[in-house]
Amino acid sequence: MIYIHIPFCKQKCSYCNFHFSTSLQFKDEMLAAMKKEIFLRKDELQDKKLQSLYFGGGTPSILSAAEINSLTDEVLKYFSFENDIEITLEANPDDLDKNFLKGLSQSYINRLSIGTQSFFEEDLKLMNRAHTASEAESSIKRAQDFGFENLSIDLIYGSPTSSLEIWKENLNKTIALEVPHISSYALTVEPKTALDNWIAKGKVSIPKEEEQNKEFYYLSDFLKDNRFEHYEVSNFAKPGFYSRHNSAYWKYKEYLGIGPSAHSYNGYDIRSWNVANNQQYIRKLNSAILAKETEILSQEDQFNEMIMIGLRTIWGVDLESLNSKFSAGIFETFQKEIQSKIKEGILIIEDNHLKIPEKHWFMADGIASDLFLV
């Protein structure tokens, strides 16, 4: 699978620490550099038949449908697509007007991931989102009108401007709109963001973990009551609508990341990442030089990643795979570590897979980190 990072946005969201630029001055040069990177790295993926292509960012919907198609055509020069390939575009509600959606409906894109975040104006203002509450709703309806049934939306809970009652209304609206996939995250305060600065100056109250905990479990129960499957800590889907791209990440499949700051993984022990600087990225690719760094993952690194990722999903961690992949010493140490947590009820073993019971999923990252090899 291939991920393409589009490093441009109209404006900076208050909570975001991803790599992007609000200037489109070098957009054409960036797209040309991405095509060069696709060519230079065409032999890195063993599987040349793609099951997933994902345009993330940033804000990929800042591009035109023609520009998105042009990048996809470049991928098709060196790879083929499965008949049922999932091709996702992350999009902001304010970009999804009729003209853009008409172009997308005639493009390769067959799945949209819409950055809704909330259907309430106060939440959107705090997050410094470019869209309004009315656009949050109307963009979904328009996408459906243009034939996009495979839709996902992002929702953020635990905002200081929100409450459990507002969160319930957000979820009721989502169900009414018949969206089949939801990715939902607690509002987190990342260093050096506007939100971090506002909290430090006392302009905004810090998100309360207790309230986020309540809203997370209400989210899980409510969506399951509405026939969603909670298949990863932050992801919910109707049957048949799991994100194929993200599921491959969680199952340790190989992937190729194109664009500044994008990460790649060979499915075993090599991870790489591109420079998070647009000008450096363009300059290097113009000289046919890859703008990336690479690391060889140690046994401990590989083990920790499998634990961290696996325990966030309904699939859990395959103990047989762990036993065969890692040394006897590592596996024996791990077996001792999990016994106390099994006794506490925060870990279980089902069909030789280690899992966190769903009632403890809100603390999944902390539970997993306790099992890390150091």
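Before reading on, note that the structure itself is shown above.
Residues numbered from 1 in each chain as written. Predicted model: local features only at pLDDT ≥ 70, side-chain atom pairs only at ≥ 80, totals over all residues. Heavy atoms only, no water.

## Looking at the overall build of the protein
Helix and strand counts for the protein come out as 14 helices and 15 strands. Per-residue burial over the protein gives 50% buried out of 374 residues. Taking as baseline every contact in the protein between residues at least 6 positions apart, the subset at least 24 positions apart corresponds to 70%. Entry remark: accessible area of the protein is about 17,000 Å², with carbon and sulfur atoms responsible for 48%. Side chains of the protein give 41 positive and 54 negative charges; the mean places of these two sets differ by 3 Å. (Helix = DSSP H or I, 4+ residues; strand = E, 2+ residues; numbered from the N terminus. Buried < 20%, exposed > 50% of the residue type's maximum accessible area, 1.4 Å probe, protein only. Contact = heavy atoms within 4.5 Å. Areas by Shrake-Rupley, 256 points an atom, 1.4 Å probe, with all protein chains shown as cover. Lys, Arg positive; Asp, Glu negative; His and termini not counted. Charge placed at Lys NZ, Arg CZ, Asp CG, Glu CD.)

## Considerations on the sheet that holds strand β12 (residues 292-296)
The 3 strands are arranged β10-β11-β12 in an open sheet whose pairing can be described as antiparallel. Of all the strands in the sheet, just β10 (263-265) and β12 have a single pairing partner and so form its edges. Each neighbouring strand pair of the sheet contributes to a mean axis angle of 20 degrees, computed without reference to strand direction. Pairing of β10 with strand β11 (residues 270-274), which is carried by 3 bridges, proceeds in the antiparallel orientation. Each residue of the ladder has a partner; that of His263, found in β11, is Trp273. (Pairing = 2+ DSSP bridges. Axes fitted to C-alpha atoms, helices over the stretch in contact; angles between N-to-C directions.)

## Details of the environment of Glu295
Along the polypeptide, Glu295 turns up in strand β12. By relative accessible area, Glu295 is classed as partly exposed at 31%. A C-alpha to C-alpha distance of 6.2 Å links Glu295 and Ser272, two positions 23 residues apart in sequence. Sequence-distant contacts of Glu295, defined by excluding residues within four places in its chain, comprise Asp269, Ile270, Arg271 and Trp273.

## Observations regarding unusual backbone geometry
Looking along the chain, the bond that leaves Gly57 and enters Gly58 is cis, with omega of 25 degrees. Structurally, Gly58 is set in the loop between β2 (49-57) and α2 (65-76). For Ser261, which is not glycine, the phi torsion reads 75 degrees and is therefore positive. When you line up the elements, Ser261 lands in the loop between β9 (256-258) and β10.

## Some details on the side chain of Asp123
Positionally, Asp123 belongs in helix α4 (residues 121-127). Arg129 provides the closest opposite charge to the buried, unpaired Asp123, separated from it by 11 Å. Within the structure, Asp123 has its side chain in polar contact with the side chain of Ser118 (distance 2.8 Å). A distance of 2.6 Å separates polar atoms of two side chains, one belonging to Asp123 and the other to Thr161. The contacts of Asp123, once residues within four sequence positions are left out, are Ser118, Ser159, Thr161, Ser162, Ile166 and Asn170. (Salt bridge = Lys/Arg side-chain N within 4 Å of Asp/Glu carboxyl O. Polar contact = N/O pair within 3.5 Å; in protein donor to acceptor, adjacent residues only side chain to side chain.)

## Remarks on the pattern of salt bridges
As enumerated under the stated definition, the model contains 20 salt bridges in all. Between Lys77 and Glu74 there is a salt bridge; the shortest N-O distance is 3.0 Å. A relative accessible area of 55% means that Lys77 is categorised as exposed. The residue Glu358 makes a salt bridge to Lys224 at a minimum N-O spacing of 3.2 Å. Here Glu358, found in the loop between β15 (353-355) and α14 (364-369), pairs with Lys224, found in helix α8 (residues 209-225); they are 134 residues apart in sequence, far enough to count as distant. Here the salt bridges share partners, and the residues they tie into one network are Glu37, Arg41, Glu44 and Lys292.

## Observations concerning the environment of Glu293
With respect to the helices and strands, Glu293 occurs in strand β12. Beyond its immediate chain neighbours, meaning those up to four positions away, Glu293 contacts Arg271, Ser272 and Trp273.

## Looking at helix α11 (residues 299-310)
Helix length check: α11 (12 residues) gives 16 Å between terminal C-alpha atoms against 16 Å at 1.5 Å per residue, within 8%. If you follow the buried residues of α11, they end up packed against β13 (317-318), α12 (319-325), α13 (328-344) and α14. (Expected span 1.5 Å × (residues − 1).)

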